[in-house]
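These are the residues of each chain, in order.
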There are 2 protein chains.
Amino acid sequence: MVFVKPPQSASTREVVYSALREQILQLELPPGTGLSEKEISLQFNVSRTPVRESFVQLAQEGLLEILPQRGTYVSLIDTSLVEEARFMREQLERAVIKQACDRFPQEQLIKLQGNLALQKLSVENQDYKKMFELDEEFHRTIFEGCGKSYTWGVIQHVNVHLNRSRMLRLAADHNWNHIYAQHEQMATAIEAHNSSEADRLMQNHLNLTVTDQSLLKEKFPAYFK
Amino acid sequence: MVFVKPPQSASTREVVYSALREQILQLELPPGTGLSEKEISLQFNVSRTPVRESFVQLAQEGLLEILPQRGTYVSLIDTSLVEEARFMREQLERAVIKQACDRFPQEQLIKLQGNLALQKLSVENQDYKKMFELDEEFHRTIFEGCGKSYTWGVIQHVNVHLNRSRMLRLAADHNWNHIYAQHEQMATAIEAHNSSEADRLMQNHLNLTVTDQSLLKEKFPAYFK
DNA sequence: ACTACCACACTACCATACAAGTATGGTAGT
DNA sequence: ACTACCATACTTGTATGGTAGTGTGGTAGT
């Protein structure tokens, strides 16, 4: 009972799964889009089996709705799920950043500051997608520094709906200077071991996500449930 | 783009998936057990396809390890994952029970008290599995009363490893009187809107889970990674 | 004009066949 | 006795055919 060799080469299922997941989260496959096993299998030039298995995976994550004998659709964004996801994220992020103020490795702190520099650039260049990635990485780095990588993974897993919502927001309005400024202040608070300030900042930061939820629903009504 | 009819009858994949999941969480399929698509398909008298799809699902949840061309095994319990799961659960449970002290529906409060009565019975009868279920239901009811059902679902999804660990604990030692007493005090705190007391109780309550982790690893070394 | 019906094209679902990688036990050669 | 090799019986991965349920558009009947 020893698990020696990790699976090296990606299986066909894995490839299809990752590709579809990326397209869904990037809104290249918008909520409500109809898919079909056959269509995708032709598109990737593989059989229906691995496609079907990736559908099952994506459905389990809540990214696809499989209606037996009827069709498979990219799931609509459920605002109540988004709210609960935001709630969970808030609790966990606040707990972690407080922990980071107590003890945070130098290496990760440097990584944070490098990330911030890139954020500043992306804001200036109005590079939306890059900024989104850097935002993710910023938060992930905090979790890693606290030895909570798995927790971050769970947040990512949970917040698929929230992420699509955030993607809409980044594409819609443009207050990244604010976001960037908040990130910078959080890094400073961690460095200064200022736990209460960090907690306050994070709370405000994550509240941005929920405020314009109804606004998004007006702008993109077809994407919401 | 309307999703009218929910899928009524369970598909073969769903049946196999649920059955295996239950067996794994109940430790009827202990960590490390080797499975095979063919074996299970014969056992359920179905083809390999739905079995295989349920394997993919269970692997995504971290309950199975699929080693290509080598075999599939019930995953071992990863103590570091257990610790992070406990961390997440603590943060979320504390946040929710504090919210429950502010505002909690009468209906759910009654449900809590009914549950407590059954817990007392189960403790007296030393009915381990029943007590485990009632414990789950107690916590779930708190989440439901706060409109956080999805959050509870996520905890359940996350804590598969933790749950197996807890199952071992319940089978091993016998301090349920303590667990029951804590539950009772929490219900009282909710009713009395005593937020700080509820928070303190929940924190202690969940700390029970982690303390004897190393002890379990000694008792059942083969089940851990 | 309207309704009931039905053929057809589509879907996801499941069973089966084949392919490819892996562990193992026996055997021939040293 | 020991090692290298190979046939074989496993495993999971992929492809494909057939089944059953579902939506749709056309048509015959009223």
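Each value, and the rule that gives it
Residues numbered from 1 in each chain as written. Chains lettered and ligands numbered in written order. Predicted model: local features only at pLDDT ≥ 70, side-chain atom pairs only at ≥ 80, totals over all residues. Heavy atoms only, no water. Contact = heavy atoms within 4.5 Å. Buried area = accessible area lost by both parts, 1.4 Å probe. Salt bridge = Lys/Arg side-chain N within 4 Å of Asp/Glu carboxyl O. Helix = DSSP H or I, 4+ residues; strand = E, 2+ residues; numbered from the N terminus. Nonpolar A, V, L, I, M, F, W, Y, C, P; charged D, E, K, R; others polar. Near = heavy atom within 4 Å. Polar contact = N/O pair within 3.5 Å; in protein donor to acceptor, adjacent residues only side chain to side chain. Domains from an automatic or database assignment. Least-squares fit on C-alpha atoms with pLDDT ≥ 70 in both.

## Structural notes on the interface of chain A and chain B
Contacts between chain A and chain B engage 37 residues on the former and 37 residues on the latter. Taken over both partners, the interface formed by chain A and chain B buries close to 3500 Å², and the fraction arising from carbon and sulfur atoms is 68%. Linking chain A with chain B are two salt bridges. Residue Arg52 of chain A is joined to Glu53 of chain B by a salt bridge in which the shortest nitrogen-to-oxygen separation is 2.6 Å. Put simply, the parts of the chain that give the side of chain A that touches chain B at least two residues each are helix 1 (12-25), helix 3 (48-60), strand 2 (64-67), helix 4 (79-102) and helix 7 (149-158) of chain A. Looking at the side of chain A that touches chain B element by element, the count peaks at nine residues for helix 4 of chain A. Taken together, the residues of the side of chain A that touches chain B break down into 19 nonpolar, nine polar and nine charged.

## A look at the protein's contact with DNA strand D
Close to DNA strand D lie 22 residues, the nearest being Ser47, Arg48 and Arg70 of chain A together with Arg52 and Gln69 of chain B. A share of 60% is what sugar and phosphate atoms reach among the atoms of DNA strand D within 4 Å of the protein. Here Gln69 of chain A contributes a backbone N or O atom positioned 3.5 Å from a sugar or linking oxygen of DNA strand D. Contact between DNA strand D and Thr72 of chain B: a phosphate oxygen at 3.0 Å from a side-chain N or O atom of the residue. Those elements giving two or more residues to the surface near DNA strand D turn out to be helix 1 and helix 3 of chain A together with helix 3 (48-60), strand 2 (64-67) and strand 3 (71-74) of chain B. Looking at the surface near DNA strand D element by element, the count peaks at three residues for helix 3 of chain A. Class assignment for the residues of the surface near DNA strand D results in six nonpolar, nine polar and seven charged.

## Observations regarding the domain arrangement of chain A
Residue and element names in this part refer to chain A. As assigned here, chain A comprises domain 1 (12-74) and domain 2 (79-223). Counting from both sides, the interface comprises 12 residues of domain 1 and, opposite them, 10 residues of domain 2. Where domain 1 touches domain 2, the interface holds zero salt bridges. One can count zero residue pairs in polar contact (both at pLDDT 80 or more) joining domain 1 with domain 2. It is helix 1 that provides the largest number of residues to the side of domain 1 that touches domain 2, a total of three residues.

## Quick look at the relation of the copies chain A and chain B
Superposing chain A onto chain B takes a rotation of 180° combined with a translation of 0.0 Å along the rotation axis, leaving an RMSD of 0.1 Å. Both copies are brought into coincidence by an operation consistent with a two-fold rotation axis. With an isologous cut-off of 70% or more, the 100% of interface residues of chain A that recur at the interface of chain B puts this contact in the isologous class.

## With respect to the protein's contact with DNA strand C
Near DNA strand C there are 23 residues, and of these Arg52 of chain A together with Thr12, Ser47, Thr49 and Arg70 of chain B occur at the shortest range. Per the 4 Å cut-off to the protein, sugar and phosphate atoms form 72% of the nearby atoms of DNA strand C. The side chain of Ser36 of chain A places a nitrogen or oxygen atom 3.3 Å from a phosphate oxygen of DNA strand C. One of the side-chain nitrogen or oxygen atoms of Thr49 of chain B is found 2.7 Å away from a base nitrogen of DNA strand C. Mapped onto the surface near DNA strand C, the elements with two or more residues apiece are helix 3, strand 2 and strand 3 (71-74) of chain A together with helix 1 (12-25) and helix 3 of chain B. Here the surface near DNA strand C takes three residues from helix 3 of chain B, the largest share from any one element.

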